[in-house]
Amino acid sequence: MSEQSLDADLCVRECERCPALVDSRSRIVNGVGPTDADLVFVGEAPGANEDEQGEPFVGRSGTVLDDALRDAGLARSDVRITNCVKCRPPDNRDPHSEELDNCRGYLAEELDRIDPELVVTLGKVPSQHLLGRSVAVTSENGEVFDARVGETSVRLLVCLHPAATLYDRSQADAFEETIREAARLAGLDDDESGSGGQSRLGDY
Ligand code: URA
């Protein structure tokens, strides 16, 4: 199957499983990025910007993520970015557990078909959802676990949510380091200098 048709295959086009989300969404926000990506980022659910533009992580959190990817030598288009829940919850509330469960099959199918080297969970909700236990993201940030999503086994790296760095600047270094670690674990860092990212010539 071509990448284009696999991507189309992974798109949720119609879903009415969560009445509150059907009411609050203006569209279903599917994952973006290569369907053979080595690295998949999983967020919680679309916010207002994502709902408007139809793409995950395009608001301020998306800018933080894009910057950290660039710092790690990656472009947004090198990775897959998706969410546990594909529709915007009302008033940006956290998705309810039954909404997470309703959407779990779509994410499981996405991860099964993509079969990445590494899944990075951005924040508490996706970390807890995929690990099936309570997670203290600040202390578990940067830790790697084995997880099972549907039929698929994945290597999972817990990461702070990019928005955490907007509320608390002191979390920015830890967030950026975890994104660099994600690139290393997925085999996407071609850095031979050991400086942990793209060339810093521009700094000089
Ligand atoms: N936060 C998320 O968890 N997902 C998005 O798509 C945007 C912000």
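Here's what I pulled together on the structure shown here. Given the structure is predicted, the values throughout are model-derived calculations rather than measurements.

Across its full length, the protein chain holds nine helices and five strands. Listing each helix as α and each strand as β along the protein chain from the N terminus yields α-α-β-α-α-β-α-β-α-α-β-β-α-α. Its C-alpha atoms give the protein chain a radius of gyration of 16 Å, near enough to 17 Å, the size a compact globule of 204 residues would have. Its C-alpha atoms give the protein chain principal-axis dimensions of roughly 55 × 40 × 30 Å. For the protein chain, the proportion of its 204 residues judged to be buried stands at 48%. Within the protein chain, residue pairs in contact and separated by at least 24 positions form 70% of the contacts whose partners lie at least 6 positions apart. Carbon and sulfur atoms form 42% of the exposed surface of the protein chain, whose accessible area is close to 10100 Å². Distance between charge centres in the protein chain, computed from 21 positive and 41 negative side chains, equals 3 Å.

To continue, consider helix α4 (residues 60-71). Taking 1.5 Å per residue, 12 residues should reach 16 Å; α4 reaches 17 Å between its end C-alpha atoms and fits that length. Those residues of α4 not exposed but buried are Ser61, Gly62, Val64, Leu65, Ala68, Leu69 and Asp71. Those residues of α4 hidden inside the fold are in contact with β1 (39-43), β2 (80-83), β3 (118-122), α8 (162-167) and α9 (172-185). Downstream of α4 by a residue or two, Gly73 has a phi angle that is positive, lying close to 85°.

Within the element layout of this structure, Ser61 appears in helix α4. Setting aside residues no more than four positions away along its own chain, Ser61 makes contact with His161, Pro162, Ala163 and Leu166.

A cluster of like negative charges, contributed by Glu3, Asp36, Asp38, Asp112, Asp115, Glu117 and Glu151, occupies part of the molecular surface. Considering the arrangement of structural elements, one finds Glu3 in helix α1 (residues 3-10).

Bringing the sheet that holds β3 into the picture now. Taking strand neighbours across the sheet as the criterion, the five strands line up as β2-β1-β3-β5-β4 in an open arrangement whose pairing is mixed. Strands at the two margins of the open sheet, each flanked by one partner only, are β2 and β4 (144-149). Taking each pair of neighbouring strands and ignoring which way they run, the sheet shows an average axis angle of 35°. In this sheet, strand β5 (residues 152-159) lies alongside β4 in antiparallel orientation, the contact comprising six bridges. Within the sheet, the bridge partner assigned to Val144 lies in β5 and is Leu157.

In this structure the tally under the stated criterion is 15 salt bridges. A salt bridge links Arg76 to Glu55; the nearest nitrogen and oxygen atoms lie 3.0 Å apart. One end of the pair, Arg76, is in the loop between α4 and β2; the other, Glu55, is in the loop between α3 (48-53) and α4, and 21 residues separate them in sequence. Its salt-bridge partner being Glu140, residue Arg133 comes within 2.8 Å of it at the nearest N-O pair. Accessibility expressed as a relative area gives 33% for Arg133, which makes it partly exposed. Since its relative accessible area comes to 14%, Glu140 is described here as buried. When salt bridges that share partners are traced, they join Asp71, Glu177, Arg180, Glu181 and Arg184 into one network.

So, about the site of the ligand. Near the ligand you find Gly43, Glu44, Ala45, Pro46, Glu50, Pro56, Phe57, Asn83 and His161, and these make up its full shell. Residue Phe57 places a main-chain N or O atom 3.1 Å away from an oxygen atom belonging to the ligand. Here a nitrogen atom of the ligand and a side-chain polar atom of Asn83 are 2.8 Å apart. Residue composition of the shell around the ligand, grouped by class: four nonpolar, three polar and two charged.

Attention shifts here to unusual backbone geometry. The phi angle at Phe57 is positive, at roughly 50°, despite the residue not being glycine. Relative to the helices and strands, Phe57 resides in the loop between α3 and α4. The phi torsion at Asp91 lies on the positive side, around 55°, for a residue other than glycine. Tracing the sequence through the fold places Asp91 in the loop between β2 and α5 (97-114). Of the residues examined, Asp91 reaches a relative accessible area of 73% and is grouped as exposed.

Cut-offs and rules
- The residue count restarts for each chain, going from 1 along the sequence in the order it is written.
- Reporting of local features is limited, given that this is a predicted model, to residues whose pLDDT is at least 70; pairs of side-chain atoms are given and counted only at 80 or more, and all residues count toward the totals for whole chains, interfaces and linings.
- For the side-chain quantities, the full set of heavy atoms in the structure was used; hydrogens and water were omitted.
- In this description a helix means any DSSP run of H or I spanning at least four residues, a strand means any run of E spanning at least two, and both kinds are numbered starting from the N terminus.
- Each radius of gyration is computed over the set of C-alpha atoms, and the globule rule expresses the reference value as 2.2 Å times the number of residues to the power 0.38.
- Burial classes follow relative accessibility: with a 1.4 Å probe on protein chains only, a residue under 20% of its type's maximum area counts as buried, one over 50% as exposed, and anything between as partly exposed.
- Every residue pair with non-hydrogen atoms within 4.5 Å of one another is taken to be in contact.
- Accessible areas in this description were obtained via Shrake-Rupley with a 1.4 Å probe; residue shielding takes into account the shown protein chains only.
- For the purpose of charge, His is not counted, nor are the chain termini; Lys and Arg are scored as positive and Asp and Glu as negative.
- Here the site of a charge means NZ on Lys, CZ on Arg, CG on Asp, or CD on Glu.
- Under the convention used throughout, the expected extent of a helix is 1.5 Å for every residue step, that is, one less than its residue count.
- Patch definition: residues with relative accessible area over 30% and no salt bridge; like charges joined within 9 Å; nonpolar side chains (Val, Leu, Ile, Met, Phe, Trp, Tyr) joined within 5 Å.
- Only one rule defines a salt bridge in this text: a Lys or Arg side-chain nitrogen within 4 Å of an Asp or Glu carboxyl oxygen.
- Pairing between strands is defined by DSSP: at least two bridges between the two strands are required.
- A fitted line through C-alpha atoms serves as each axis, taken over the contacting stretch for helices, and the angle formed by two N-to-C directions is quoted from 0 to 180°.
- Here a residue counts as near a molecule or strand whenever at least one of its heavy atoms sits within 4 Å of it.
- Counted as a polar contact is a pair of N or O atoms within 3.5 Å, where, for protein atoms, one must be capable of donating a hydrogen and the other of accepting one, and residues adjacent in sequence contribute only when both atoms are in side chains.
- Classification convention: Asp, Glu, Lys, Arg as charged; Ala, Val, Leu, Ile, Met, Phe, Trp, Tyr, Cys, Pro as nonpolar; all other residues, Gly among them, as polar.

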